[in-house]
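Each chain, written out:
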Amino acid sequence: MLEYLIQRLAISAVTLAVISLIVFTGVRMIPGDPARVMAGTEADEAGLAEIREKYGLNDPIPVQYFRWVGLAIRGDLGESIRTRETVTKTVAKKLPITLELACLSILVALTIAIPVGVLSAVRRNTLWDYVANGLSLCGLSVPSFWLGIMLILFFSVRLGWLPASGFVSFFQDPVANLTRMIMPAFVLGTALAAVLMRQTRNSMIEVLSADYIRTAYSKGLAGRVVVFRHAIRNGLIPVVTILGLQMGALMGGAVVTEQIFVVPGFGRLIVESVFTRDYPLVQGVVLITAGAYVLINLLVDLSYSLLNPRIRIKGAANAR
C-alpha cells in the first residue's frame, strides 16, 4: 500500500510540473503588456521599463519560469500586478466562496443522481427508467448559462422568491447566503447529476446481475435489503471515480456560473485576471486549481481500498 501511495504521489508531482509549465507558457502568449496595464495608458517608456525591470518581465521565459517555480515551492506565488496584493491572500479570500458553491453543487448532484440512478436500475425498462433517462439527457443537453438565465427570469424576476445575483457570507447571514447560492448550485449540480445518474444506473445494473446478488435473493432476502446492503456499496465505486474526474468540469463550470450570478469566487477571479493580464494571479489560481484536482483524484484512488478491499490487494500486487 505504501509503495502504491508513493507511486501515485510521484505521478501527481510530475503532473503538476507539466501543468505549471503549460500554464506559465500559455499566460505569456496572452496579447497585451502587463506593464502597460499596471502603469496605465498615460505612462511613458521610462516608467514602463522600470516596471518590467522590477517584475523581471525582461528576463528570458525559462529564467522567469524557474524563478517562479522556486518561489512557488516555498509558498510564495507572487504579487498581483493589478491589486498589489499577494496571490495567496487573494486566493484565500475567493477560494472559500467557490468551495462552498462546489460543495452545494455536489450535494445537489448526489441528492438527485444516487436515488434516481438506483431506482432506474432496479426498475429497468419501466416507466421510471424511461423518465430517469429522459431527465438525464435533459441535464446533459441544456447549457448551464441558459439554465442559469431561465432560473433568474423565473424565480427572481417573475416570482421574486430568490435574489438574482450577489453573495453574502454564510457567517454574516446564513439565510441570505443560501438564498443566493441555491440557484448557482442547482445550475452546476444539474449537469453533474446527469452524469452521475447514468453512471449509477449502469453500474447498478451490472452489480445486480452478479452471482452474489442472485445468491442473496435465493436466500430469501428482501429486495430492499439486497439493494441497500449488498449492491449499492459496489455499485458506487465507478460513481466515486466519475465524481473525482468531474471536479475539473465543476471548476470550469463555476467560471460561467459565477459570471451569470455575479458570485465573487475563484472562477470570476480567473476571468478578471486574464482580461487584465495579471500573470502572477492567473498562474497562481490555475496552479492551485490543478493541485486541488490532482489531490482529489489521488484521494479518489485511495478511497477505492475503503470501498472494496480487493482493489487494494490488486493495486499493491501490481505495484510490486
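A.B. asks: I'd like a rundown of the overall build of the protein chain, residues and numbers included.
C.D. replies: Across its full length, the protein chain carries 14 helices and zero strands. Written out in order from the N terminus, the α and β elements of the protein chain read α-α-α-α-α-α-α-α-α-α-α-α-α-α. C-alpha extents for the protein chain along the principal axes are approximately 85 × 60 × 35 Å. The burial tally for the protein chain puts 37% of its 320 residues in the buried class. For the protein chain, the exposed area adds up to about 17,600 Å²; of that, 67% sits on carbon and sulfur atoms.

A.B. asks: With reference to specific residues and values, describe the pattern of salt bridges.
C.D. replies: Considering all chains together, one arrives at four salt bridges under this definition. Glu85 is the partner of Lys93 in a salt bridge, and the nearest nitrogen-oxygen pair spans 2.8 Å.

A.B. asks: How would you summarise the packing of aromatic side chains if you had to cite specific residues and measurements?
C.D. replies: Here the structure, examined in full by the defined rule, presents seven aromatic pairs. On the numbers, 5.0 Å between centres and 85° between planes, the contact of Phe154 with Phe155 is edge-to-face. Using a relative accessible area of 41% as the deciding quantity, one classes Phe154 as partly exposed. Classification of Phe155 by relative accessible area gives partly exposed; the value is 25%. Site record: aromatic cluster; members linked through ring pairs are Phe24, Tyr65, Phe66 and Trp68.

A.B. asks: Account for the confidence of the model for the protein chain, naming residues and giving values.
C.D. replies: Averaged over all residues, the pLDDT of the protein chain is 81; the fraction at 70 or higher stands at 92%. No element of the protein chain has a lower mean pLDDT than helix α14 (residues 309–319), at 51, and none a higher one than helix α7 (residues 144–158), at 89.

A.B. asks: Before we move on, could you go through helix α1 (residues 2–28) and cite the residues and values that matter?
C.D. replies: In this model α1 runs 39 Å from its N-terminal to its C-terminal C-alpha over 27 residues, within 8% of the 39 Å that 1.5 Å per residue would give. By the burial criterion, the buried members of α1 are Tyr4, Ser12, Ser20, Val23, Phe24, Val27 and Arg28.

A.B. asks: Explain the nonpolar core residue by residue, including any values.
C.D. replies: Of all hydrophobic cores here, the largest spans 31 residues; its most connected members are Leu196, Met204, Leu208 and Leu250. Put simply, the parts of the chain that give this core at least two residues each are α5 (87–122), α8 (174–208), α9 (211–218), α10 (223–235) and α11 (237–261). When residues in this core are grouped by element, the largest group, eleven residues, is from α8. In this view, Leu250 contacts Ala102, Ser105, Ile106, Leu188 and Leu192; residues no more than four positions away in its chain are not counted.

A.B. asks: Outline a nonpolar patch on the surface, listing residues and values.
C.D. replies: Judged by side-chain polarity, Val142, Phe145, Trp146, Ile149, Met150, Leu153, Val157 and Val256 come together as a nonpolar surface patch covering roughly 690 Å² of accessible area. It is α7 that provides the largest number of residues to the nonpolar patch, a total of six residues. You can see Ile149 is positioned in helix α7.

Thresholds, definitions, all that
- Residues numbered from 1 in each chain as written.
- Predicted model: local features only at pLDDT ≥ 70, side-chain atom pairs only at ≥ 80, totals over all residues.
- Heavy atoms only, no water.
- Helix = DSSP H or I, 4+ residues; strand = E, 2+ residues; numbered from the N terminus.
- Buried < 20%, exposed > 50% of the residue type's maximum accessible area, 1.4 Å probe, protein only.
- Areas by Shrake-Rupley, 256 points an atom, 1.4 Å probe, with all protein chains shown as cover.
- Salt bridge = Lys/Arg side-chain N within 4 Å of Asp/Glu carboxyl O.
- Phe/Tyr/Trp six-rings, centres within 6.5 Å; stacked < 30°, edge-to-face > 60°.
- pLDDT = per-residue confidence, 0-100.
- Expected span 1.5 Å × (residues − 1).
- Core = buried A, V, L, I, M, F, W, Y, C linked by side-chain atoms within 4.5 Å.
- Contact = heavy atoms within 4.5 Å.
- Patch = residues over 30% accessible without salt bridge, like charges linked within 9 Å, V, L, I, M, F, W, Y side chains within 5 Å.

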